[in-house]
Amino acid sequence: MSNITIYHNPDCGTSRNVLALIRNSGEEPTIIEYLKTPPDHATLVGLIETMGIPVRDVLRQKGTPYDELGLGDPKWTDAQLVDFMLQHPVLINRPIVVTHRGTRLCRPSEAVLDILPQPQQAAFSKEDGEPVIDSQGNRIGKH
């Protein structure tokens, strides 16, 4: 059993890049396709609390019923926003990665590097060709 869990959407390029970065560290994570197997209330609340970010930061707007439901309105409480995410898992931003070093919403995908327990083992470029890891396994660009 892996010590890394990714809440993953295989249709999302960022999520695929994060999964590839995890694998580039030599780890095979537990993959939860959260659109098929959404987290329960306690799990979602726990993930948000562990990430230490506002509930609104976990809401995904693009390609979701966010606007249709009027979720930009400040009248919604955190508890109500969590309920919307449970009713419509597509509203949960992704990917969320859990390791013993922390829990992160990995946007941009390089954010996962801060919580991976093992270093990168090889060069890595994102799907769009942007280099992220050099041939020595070191992060390219800003840290």
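Fair warning: this is a prediction, and the values are worked out from it, not measured in the lab.

## Comments concerning the pattern of salt bridges
Evaluation of the coordinates by the stated rule reveals seven salt bridges. A salt bridge links Glu33 to Lys36, with the shortest nitrogen-to-oxygen separation between them at 3.4 Å. By relative accessible area, Glu33 is classed as partly exposed at 28%. What makes Lys36 exposed here is its relative accessible area of 67%. Across the pair Asp114 and Arg104 runs a salt bridge, and its minimum N-O distance is 3.6 Å. Here Asp114, found in the loop between strand E4 (102-105) and strand E5 (124-125), pairs with Arg104, found in strand E4; they are 10 residues apart in sequence, far enough to count as distant. What emerges from the salt-bridge pattern is a single network uniting Arg104, Asp114 and Arg139.

## Considerations on the side chain of His8
With respect to the helices, strands and loops of the structure, His8 is situated in strand E1 (residues 5-8). A relative accessible area of 4% places His8 in the buried class. A polar atom in the side chain of His8 sits 2.6 Å from the side chain of Ser15. Other than its neighbours up to four places away in sequence, His8 contacts Ser15, Arg16, Leu19, Ile31, Ile32, Glu33 and Tyr34.

## Section: the pairing of strand E3 (residues 96-99)
Bridge count for E1 against E3 is three bridges, and the pairing is antiparallel. Bridging from a neighbouring strand, Thr5 pairs with Val98 of E3. When E3 meets E4, the two strands line up antiparallel, connected through four bridges. Along E4, the bridge assignment pairs Thr99 with Gly102. The turn linking E3 back onto E4 is made up of two residues.

## What to know about the nonpolar core
If you look at the biggest cluster of nonpolar residues, it comprises 20 residues, and the most contacted ones within it are Ile48, Leu71, Met85 and Ile96. For this core, the elements supplying multiple residues, two or more each, are helix H2 (41-51) and helix H4 (78-87). In contact with Met85, not counting residues within four places along its chain, are Leu44, Ile48, Val55, Val58, Leu59, Leu91 and Ile92. Within the second largest apolar cluster, 16 residues are counted, among which are Val97, Val112, Ile115 and Phe124.

## Topic: the environment of Thr99
Topologically, Thr99 is positioned in strand E3. Accessibility expressed as a relative area gives 8% for Thr99, which makes it buried. Between the alpha carbons of Thr99 and Ile4 there is a distance of 4.8 Å; along the sequence they are 95 residues apart. The contacts of Thr99, once residues within four sequence positions are left out, are Asn3, Ile4, Ile115 and Pro117. Looking at Thr99, its side chain comes within polar contact range of the main-chain nitrogen of Arg101, at 2.9 Å. Among the polar contacts listed, one links the side chain of Thr99 to the backbone oxygen of Ile115, at a separation of 2.6 Å.

Parameters and conventions
- Residues numbered from 1 in each chain as written.
- Predicted model: local features only at pLDDT ≥ 70, side-chain atom pairs only at ≥ 80, totals over all residues.
- Heavy atoms only, no water.
- Salt bridge = Lys/Arg side-chain N within 4 Å of Asp/Glu carboxyl O.
- Buried < 20%, exposed > 50% of the residue type's maximum accessible area, 1.4 Å probe, protein only.
- Helix = DSSP H or I, 4+ residues; strand = E, 2+ residues; numbered from the N terminus.
- Polar contact = N/O pair within 3.5 Å; in protein donor to acceptor, adjacent residues only side chain to side chain.
- Contact = heavy atoms within 4.5 Å.
- Pairing = 2+ DSSP bridges.
- Core = buried A, V, L, I, M, F, W, Y, C linked by side-chain atoms within 4.5 Å.

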